[in-house]
Amino acid sequence: TARRRGSQTAIPCLLMRGGTSRGPFFDERALPADARARDAVLLAALGSPDERQIDGIGGAHPLTSKVGIVAPGSRPGVGVEWTFGQVQPGGTAVDVTANCGNMLAAVLPFAVETGMVEPAGELTTARVLTRNTGMIAEITIRTPTGPDGRRHVEYAGEARIDGVPGSAAPIEIGFLDTAGSVASSLLPTGNVRDTVEVDGVGRVEVTLIDNGQPLVVVEAARLGATGYETPAEIDADDALKAEVEALRLVCGRAMGLGDVTDRNYPKMTLVAPPKHGGSVSTRSLIPRVAHRSIGVLAAVTAATACVLEGSVAHDVATGITGTEPTVSVEHPSGEFSVTLGLDPADPQRVVRSALLRTARLLMSGDVLVPSSPLTPV
Ligand code: NQM
């Protein structure tokens, strides 16, 4: 539990990498129950709203300005549940609306580390509920017995994911029923392709889709991009970013998400033909800064778009066949393989997805936040 340390409040926390993201993870019971007080603590812990997050432990990029709040499962069949919080470095709010499949990878390791979940054997499998959207994932981690005769989370291993140096123990993640996480359904406009009119950009063909992450899929070429840019090139291209943001605002409304000016979604996915032997090339904006790779559920959603005949992604994707295709989603630091399960009776229906991530415990201790009326001990 939280305690006083001088004029600060010390809150137990594990700093973890989950996939290609990183942030502090908390046992929910160590944080204030009141949402306003909790958010004040989380913002102070990360150092927001300072863009550099110099007075906190955030990494000054959306991918390293995230938090996980974990609790034991409270319903049958759910081992662990958690809330994902996204803080834009310069922002003043903790957004708990959308999914994050990267941070998700660290949730079961956190639960075992903190004794919330007992390791079951060499492998420990649990169903993890993401409260943000009600999504359930089945997750398997390695929990071998150490020299002390006790089971522990194994972080070392041979699994590699692009965007993270080296190798680590594999974390297998399976999803069912991810359609319509924040939007009302997989295709919230009812169409696999829409044409929207955007001031200063003109008519743009898009696929508006949500199979775990609300995405606007647009052909990179339509926006004058190649789809093979580096994240730094995208971040430096103010004209491109302005067009993408104008398109996002129009598409947010079309997707039934209202005015998304201050929202972290929909994310923007620029697609192009694959260049490195994969199925499709992607460049993601999350939503105003370029992703260094691609989000997990963004990859699931982009892969789903690739199999849907008539979609903008289907136009540029290649080599996706069978009812269990592995879609290799190329991104700026490599590729992300998503295996989709298609309904044999209707191969246009994606019913499950599976993928591999890794995670690592980076630091264990207390995060210190200045005590204030909102952050009492
Ligand atoms: O789409 C970044 C990330 C994410 C989210 C983002 C994610 C997902 O890479 O499931 O993982 O899209 O903001 O962590």
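Structural notes, computed from the coordinates.

What counts and how
- Residues numbered from 1 in each chain as written.
- Predicted model: local features only at pLDDT ≥ 70, side-chain atom pairs only at ≥ 80, totals over all residues.
- Heavy atoms only, no water.
- Helix = DSSP H or I, 4+ residues; strand = E, 2+ residues; numbered from the N terminus.
- Contact = heavy atoms within 4.5 Å.
- Polar contact = N/O pair within 3.5 Å; in protein donor to acceptor, adjacent residues only side chain to side chain.
- Expected span 1.5 Å × (residues − 1).
- Buried < 20%, exposed > 50% of the residue type's maximum accessible area, 1.4 Å probe, protein only.
- Core = buried A, V, L, I, M, F, W, Y, C linked by side-chain atoms within 4.5 Å.
- Phe/Tyr/Trp six-rings, centres within 6.5 Å; stacked < 30°, edge-to-face > 60°.
- Lys NZ or Arg CZ within 6 Å of the ring centre and 35° of its normal.
- Near = heavy atom within 4 Å.
- Areas by Shrake-Rupley, 256 points an atom, 1.4 Å probe, with all protein chains shown as cover.
- Nonpolar A, V, L, I, M, F, W, Y, C, P; charged D, E, K, R; others polar.
- Arc of directions from axis to C-beta.
- Salt bridge = Lys/Arg side-chain N within 4 Å of Asp/Glu carboxyl O.
- Pairing = 2+ DSSP bridges.

1. Remarks on the environment of Asn-102
(1) Moving on: For Asn-102, the position within the fold is in helix 2 (residues 101-104).
(2) Moving on: Look past the residues within four positions of Asn-102 in its chain and what remains in contact with it is Gly-18, Gly-19, Thr-20, Ser-21, Ile-294, Gly-295, Val-296 and Arg-357.
(3) Moving on: Reaching out from Asn-102, the side chain makes a polar contact with the backbone nitrogen of Thr-20 at a distance of 3.1 Å.

2. Topic: helix 1 (residues 35-46)
(1) Moving on: Taking 1.5 Å of rise per residue, 12 residues should cover 16 Å, and helix 1 covers 16 Å from first to last C-alpha, within 8% of that figure.
(2) Moving on: Turning to helix 1, its buried residues are Ala-37, Arg-38, Asp-39, Val-41, Leu-42, Leu-43, Ala-45 and Leu-46.
(3) Moving on: One or two steps after helix 1, the chain reaches Gly-47, where phi turns positive at roughly 95°.

3. Structural notes on the nonpolar core
(1) Moving on: Formed by 61 residues in total, the largest nonpolar core has its most connected members in Phe-25, Trp-82, Leu-104, Leu-108, Ile-139, Ile-173 and Phe-175.
(2) Moving on: By residue number, the principal contributor to this core is helix 6 (residues 296-307), which donates 10 residues.
(3) Moving on: Non-local contacts of Leu-104, meaning those with residues more than four positions away in its chain, are made with Trp-82, Val-128, Thr-130, Met-135, Ala-137, Ile-139, Ile-173 and Phe-175.
(4) Moving on: In terms of nonpolar packing, the next biggest core, distinct from the first, is built from 26 residues, Ala-98, Ile-234, Met-255 and Met-268 among them.

4. Comments concerning the packing of aromatic side chains
Here a ring pair, both rings aromatic, is described through the centre-centre distance and the interplanar angle of the planes.
(1) Moving on: Using the criterion set out here, one finds 3 aromatic pairs in the structure.
(2) Moving on: Taking 6.1 Å as the distance between ring centres and 35° as the angle between the ring planes, the aromatic pair formed by Phe-25 and Phe-110 counts as tilted. Here Phe-25, found in strand 3 (residues 21-27), pairs with Phe-110, found in helix 3 (residues 107-113); they are 85 residues apart in sequence, far enough to count as distant. The burial state of Phe-25 is the same as that of Phe-110; both residues are buried.
(3) Moving on: Ring centres of Trp-82 and Phe-84 lie 6.0 Å apart, and the angle between their planes is 45°; this geometry places the pair in the tilted category. In terms of burial, Trp-82 and Phe-84 fall into one category: buried.
(4) Moving on: Grouped by ring-pair contacts, the aromatic residues Phe-25, Trp-82, Phe-84 and Phe-110 constitute a single cluster.
(5) Moving on: The ring of Tyr-228 has Lys-275 sitting right over it, with the charged end atom 4.5 Å from the ring centre.

5. Notes on the site of the ligand
(1) Moving on: Ser-21, Lys-66, Gly-101, Lys-267 and His-291 are the nearest of the 14 residues found near the ligand.
(2) Moving on: A distance of 2.7 Å separates an oxygen atom of the ligand from a polar backbone atom of Gly-101.
(3) Moving on: Gln-213 has a polar side-chain atom sitting 2.8 Å from an oxygen atom of the ligand.
(4) Moving on: Taking 350 Å² as the accessible area of the ligand by itself, protein coverage stands at 99%.
(5) Moving on: Listed by contribution, the elements that provide at least two residues to the shell around the ligand are helix 2 and helix 6.
(6) Moving on: Sort the elements by how many residues they give to the shell around the ligand and helix 6 lands first, with 3 residues.
(7) Moving on: Class assignment for the residues of the shell around the ligand results in 6 nonpolar, 6 polar and 2 charged.

6. Focus on helix 5 (residues 238-254)
(1) Moving on: Here helix 5 is 17 residues long and its end C-alpha atoms lie 24 Å apart, about the 24 Å a rise of 1.5 Å per residue gives.
(2) Moving on: Of the positions making up helix 5, those classed as buried are Leu-240, Val-244, Glu-245, Leu-247, Arg-248, Cys-251 and Gly-252. The arc that holds the buried residues of helix 5, viewed along the axis, is 170°, so those residues lie on one side. Exposed and oriented more than 90 degrees from the buried face of helix 5 are Asp-238, Ala-239 and Arg-253.
(3) Moving on: Residues of helix 5 that are buried sit in contact with strand 9 (194-198), strand 10 (202-210), strand 11 (214-219), helix 4 (231-236), strand 12 (267-272) and strand 13 (280-285).

7. Quick word on the pattern of salt bridges
(1) Moving on: For the structure shown, the criterion picks out 15 salt bridges.
(2) Moving on: Glu-122 is the partner of Arg-151 in a salt bridge, and the nearest nitrogen-oxygen pair spans 3.2 Å. Pair noted here: Arg-151 is in the loop between strand 7 (135-142) and strand 8 (171-176) and Glu-122 is in the loop between helix 3 and strand 6 (123-130), with a separation of 29 residues, a long-range link.
(3) Moving on: The class for Arg-151 is partly exposed, based on a relative accessible area of 33%.

8. Side note on the pairing of strand 15 (residues 334-343)
(1) Moving on: As paired elements, strand 14 (residues 326-331) and strand 15 share 6 bridges and run antiparallel to each other. Looking across to strand 15, one finds that Val-327 is bridged to Val-338.
(2) Moving on: Counting the residues that bridge the hairpin from strand 14 to strand 15 gives 2 residues.
(3) Moving on: In terms of strand pairing, strand 15 meets strand 16 (residues 346-357) through 5 bridges, oriented antiparallel.

9. Side note on unusual backbone geometry
(1) Moving on: Here the amide bond leading from Ser-48 into Pro-49 is cis, since omega sits at 10°, within 30 degrees of zero.
(2) Moving on: Residue Pro-287 is reached from Ile-286 by a cis peptide bond, and omega for that bond is -20°.
(3) Moving on: Examined against the element boundaries, Pro-287 turns out to sit in the loop between strand 13 and helix 6.
(4) Moving on: At Gln-53, a residue that is not glycine, the phi angle is positive and equals roughly 50°.
(5) Moving on: Classification of Gln-53 as buried rests on a relative accessible area of 1%.
(6) Moving on: Look at Asp-177: it is not a glycine, yet its phi comes out positive at around 55°.
(7) Moving on: Looking at the secondary structure, you find Asp-177 in the loop between strand 8 and strand 9.

What is shown is where atoms sit, not what they do.
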